[in-house]
Amino acid sequence: MNKQRVVSLTSLLLFVIFSTRAQTLQPQHPGEIKQAIKKLNTLGSVLYFAAHPDDENTRLIAWLAKEKHLRTGYLSLTRGDGGQNLIGTEQAEELGLIRTNELLAARKVDGGEQFFSSAIDFGFSKTAAETFHIWDREKILADAVWVIRKFKPDVIVTRFPPDQRAGHGHHQASALLAIEAFTAAADPNRFREQLTTVAPWQARRLLWNTSSFFQGSPPSSTHLLVNIGDYSPFIGESYGEIAAESRSKHQSQGFGAARQRGNAVERFELLAGDAPEHALFEDIETSWKRVAGGETIARLVTEIDNRFDMEHPEKSIGGLLQLLERVAQLGDDHWKTLKTDEIKNLILACGGIWFESYAPVSQLAVGEQAPINTAYIVRRPDVTVSVGGHPLPFNELYEQSDVFTATAATQPYWLRQPHGLGRFAIANQQDVGRPGNSDAPKTSITLSINGRELTFERPVVYKYTHPVRGEVYEPLTITPRITANIGHKALVFSGMDPKTIEVRFTGHTQREVSAVARLQLPAGWRAAPSEVPLHFSAKAGETISHITLYPAENASLADSLGIALEYPDGTEAAQAIQTISYDHIPKITWFPAAKARLSKIETGASAQHIGYLPGAGDLIPAALREIGLRVTVLNEQDILSGDLSQYDAIVTGVRLYNVNPRIRHMQPRLLQYVKAGGTLVVQYNVSNGLHTPEIGPYPLGLSRTRVTDETAPITMQLPDSRVLNYPNAITQTDFEGWVQERGLYFAGETSDQYDRPLQIADPGESPSDGSLLVARYGEGNFVYTSLAFFRQLPAGVPGAYRLFVNLLAKPID
């Protein structure tokens, strides 16, 4: 395993641990400290089990973690890579990175811990069978078993039922996997390779957290009913309020939630194990009685709890240190480790002891060194603390310096290797389940507190003061020495015409670095120049190289451009650098391969100047510019008072009618534009939350129909339709190479004024003709399409481009 290394003074060194424990936040105010002391006497754990970010019941997680003081985890099988993004244009891996961090932000609020499998959210799936085929059922089951064996839950709770009531194929698959993993985790003959590190584990029961949301799941006398609407005086909130704040972290999905107060009854249905009658943990020992020698510890915790002084929490440190000694003598490594961490964090909280490690820069390149400062302060009196033999004065900052050496890029571990459609390739078994990197830069800090040496870890961060946001923290990023950004995931060529691209090379080292960048092209393609000498003498130096690419006569859908960097000490595949920045999550930096798909498209011209009215966020404007179209991004003022006649066509972004309440004022002007001879192309919306029902010039209803198989056959039921013939004659070849899905949220019941030129269906389903609607209105054309152009065009799918160009065409009498 690659590790970041600190050249140590007496108190600082870097080490790597299983990272889930680091998710637990140190308690701060006296109410939280009091609650954390009470938690010391609870030895129980529960694992919530579902498919995606946002599937979890945040109120239940908060109630279990903060009211019942149980160790509570959420296993999301995927990172939400295949969904839609309501706050930006990120898709696929980048959307997964955003949602990973949104889940971590949610867990900081509700007190849970976060876990993942290696499964990829490949988009909506209609059946568990399809999901298992793409994921590789046995591999994801192994991941789930691994997490269970590591976490050791007493109770497992699923969000979904193991049948079609779950709706999404991923949802149903998650429940089926939970049922199988419940048994497999306890079987020493299943996944024997894991047993060198973990032991078999049998949870006591598996429950489905059901509700009336699931059709066919009415209340039953066999259901366990649990009221989780409690109010916590330690926190000053009810769990419905905490849950709303947690759920509202899912901003990329538009899941802001209102705070709820009062009784809230959850229903549970037994799936495996013994059935509880009155409580989730009925007949499960959750006190220190479950650990040999634990009775004495329980008495000590009760004494600390009874004597806790909210005005002088430091008075509890002596008892906590004594408790720590007793816990260290236990033979149960699992609970000893967990409770040791809880006690140590309580000691810091009671003493008002704060420390952090930070770097003077936000980025370092591999092989570089930088000073790392660690700042300390003790904010309660009568607490004796020293670091490296140096006493820390009361309420005064003390800083210590060391040197950090960057040895490996901070690439998210699940993105370090190329992956297929269904699973990330994870090289290190110990990483399975972790939300983030275990080898991220961190320091280990040993403090002497009232004569007892305790060791803690802290991530190395970069911080700065923002004029609006105040103090902002970012993870320290370790970059490759040189990065190469091509700028597009797909480069689109019109016939045999060459294209000149810009490649931005960036040097990230503080010292000089040289390399030769060599372009890697498939047979028949060529580049001028084919290699670029690079030399950087200053950190963050950049050079932009203009390279002309000449397409092959017989180009393939699999063709791609790559870049290799030849350094004096060896050759590496080049990586780009991408940054994702939103205020509600930490800044994300990752390093995708410096590659681009090469797409050769034979298309006629139907329109030249396109107006684009953004919706929830997509990359269509940049994709249209790739084929030489002039695209102007529009706003409300442009629509209401601008000259729309200058645009050959206007395109609305995905879910515009859901996310922009001003569309009800813009829509009449858009339809006037069509009536006067323009072409309006409206991309998909969902029926729930429309800001105007008047999407088209004639009645147009929306359904939840979607075709998730990107290879699903397409029937051209109106082969003479103009959108299938001008300027490009559309054939079945144009529907090859599509990605993730054909389309989503098709039109439902609509006026007969609309032509429906296409029929599509997933295997075994009745065909739907709601993916593409075309109508003449006045002198112009109105087009509504649920085809997933927002995925196809950025991916450089040639046939999708050809069809979209047809949709833009002006009407011809």
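Computed from a predicted structure; not experimentally measured. (Residues numbered from 1 in each chain as written. Predicted model: local features only at pLDDT ≥ 70, side-chain atom pairs only at ≥ 80, totals over all residues. Heavy atoms only, no water.)

(A) The arrangement of the overall build of the protein in detail. A count of helices and strands for the protein gives 16 helices and 43 strands. Relative to the compact-globule value of 28 Å for 813 residues, the protein shows a C-alpha radius of gyration of 29 Å, a close match. A principal-axis box enclosing the C-alpha atoms of the protein has dimensions of 90 × 70 × 55 Å. Across the 813 residues in the protein, those meeting the buried criterion constitute 57%. Taking contacts inside the protein between residues at least 6 apart in sequence as the whole, the part at least 24 apart equals 75%. (Helix = DSSP H or I, 4+ residues; strand = E, 2+ residues; numbered from the N terminus. Rg over C-alpha atoms; globule rule 2.2 N^0.38 Å. Buried < 20%, exposed > 50% of the residue type's maximum accessible area, 1.4 Å probe, protein only. Contact = heavy atoms within 4.5 Å.)

(B) Geometry of unusual backbone geometry. Put simply, Ala528 and Pro529 share a cis peptide bond, and its omega is -5 degrees. The omega angle of the peptide bond from Tyr726 to Pro727 is -5 degrees, so this bond is cis rather than trans. With respect to the helices, strands and loops of the structure, Pro727 is situated in the loop between strand E39 (714-716) and strand E40 (747-750). One non-glycine residue with positive phi stands out, namely Asp54, at about 95 degrees. For Asp54, the location among the structural elements is in the loop between strand E3 (45-50) and helix H2 (58-67). A relative accessible area of 13% places Asp54 in the buried class. Its identity as a non-glycine residue notwithstanding, Asp283 has a phi of 65 degrees, on the positive side. Following the sequence through the fold, Asp283 ends up in the loop between strand E11 (265-273) and helix H8 (294-307).

(C) Quick peek at the sheet that holds strand E24 (residues 499-507). Taken in spatial order, the 4 strands make up an open sheet running E22-E24-E28-E26, and their pairing is antiparallel. One side of each edge strand has no neighbouring strand; the edge strands of this open sheet are strand E22 (482-485) and strand E26 (526-528). Averaged over all neighbouring strand pairs, the angle between strand axes comes to 30 degrees, with direction disregarded. As defined by bridge partners, E26 adjoins strand E28 (residues 541-550) across 3 bridges and the pair is classed as antiparallel. Within E28, the position partnered with Ala527 by the bridge is Leu549. (Pairing = 2+ DSSP bridges. Axes fitted to C-alpha atoms, helices over the stretch in contact; angles between N-to-C directions.)

(D) Summary view of the side chain of Ser786. In this structure, Ser786 sits in the loop between strand E43 (780-785) and helix H15 (789-792). A distance of 2.9 Å separates a polar side-chain atom of Ser786 from the backbone oxygen of Tyr745. Setting aside chain neighbours within four positions, we find Ser786 in contact with Tyr684, Arg742, Gly743, Leu744, Tyr745, Phe746, Ala747, Gly770 and Ser771. (Polar contact = N/O pair within 3.5 Å; in protein donor to acceptor, adjacent residues only side chain to side chain.)

(E) Broad picture of the packing of aromatic side chains. By the definition in use, this model includes 16 aromatic pairs. Each residue in the set Phe355, Tyr376, Tyr398 and Phe456 is aromatic and connected to the rest through ring pairs, giving one cluster. The ring of Phe255 has Arg247 sitting right over it, with the charged end atom 4.9 Å from the ring centre. (Phe/Tyr/Trp six-rings, centres within 6.5 Å; stacked < 30°, edge-to-face > 60°. Lys NZ or Arg CZ within 6 Å of the ring centre and 35° of its normal.)

(F) Quick look at the nonpolar core. Of all hydrophobic cores here, the largest spans 41 residues; its most connected members are Leu320, Leu323, Ile347, Ile353, Leu447 and Ile449. Broken down by element, this core gets its largest block of residues, 8 residues, from helix H10 (residues 333-351). Here Leu447 is in contact with Leu348, Ile353, Phe355, Tyr376, Val385, Ser386, Val387, Arg452, Glu453, Leu454 and Phe456, once residues within four sequence places are set aside. Within the second largest apolar cluster, 37 residues are counted, among which are Ile620, Val631, Val797 and Phe804. (Core = buried A, V, L, I, M, F, W, Y, C linked by side-chain atoms within 4.5 Å.)

(G) How the structure looks around the sheet that holds E11. The 7 strands lie next to each other as E5-E4-E3-E6-E7-E11-E8, forming an open sheet whose pairing is mixed. The open sheet terminates on both sides in strands that have one partner only, identified here as strand E5 (113-116) and strand E8 (224-227). Neighbour to neighbour, the strand axes of the sheet diverge by 30 degrees on average, direction disregarded. By the bridge criterion, 6 bridges tie strand E7 (residues 205-210) to E11 in an arrangement that is antiparallel. Counterpart to Thr210 in the pairing with E11 is Arg267. Lying on the sheet, H2 is in contact with E3, strand E4 (71-76), strand E6 (155-158), E7, E8 and E11; it crosses E4 at an angle near 150 degrees. The sheet contacts of helix H5 (residues 137-151) involve E3, E4, E5 and E6, and relative to E3 the element is tilted by about 165 degrees.

Take it as geometry only, folks, not as evidence of what the structure does.
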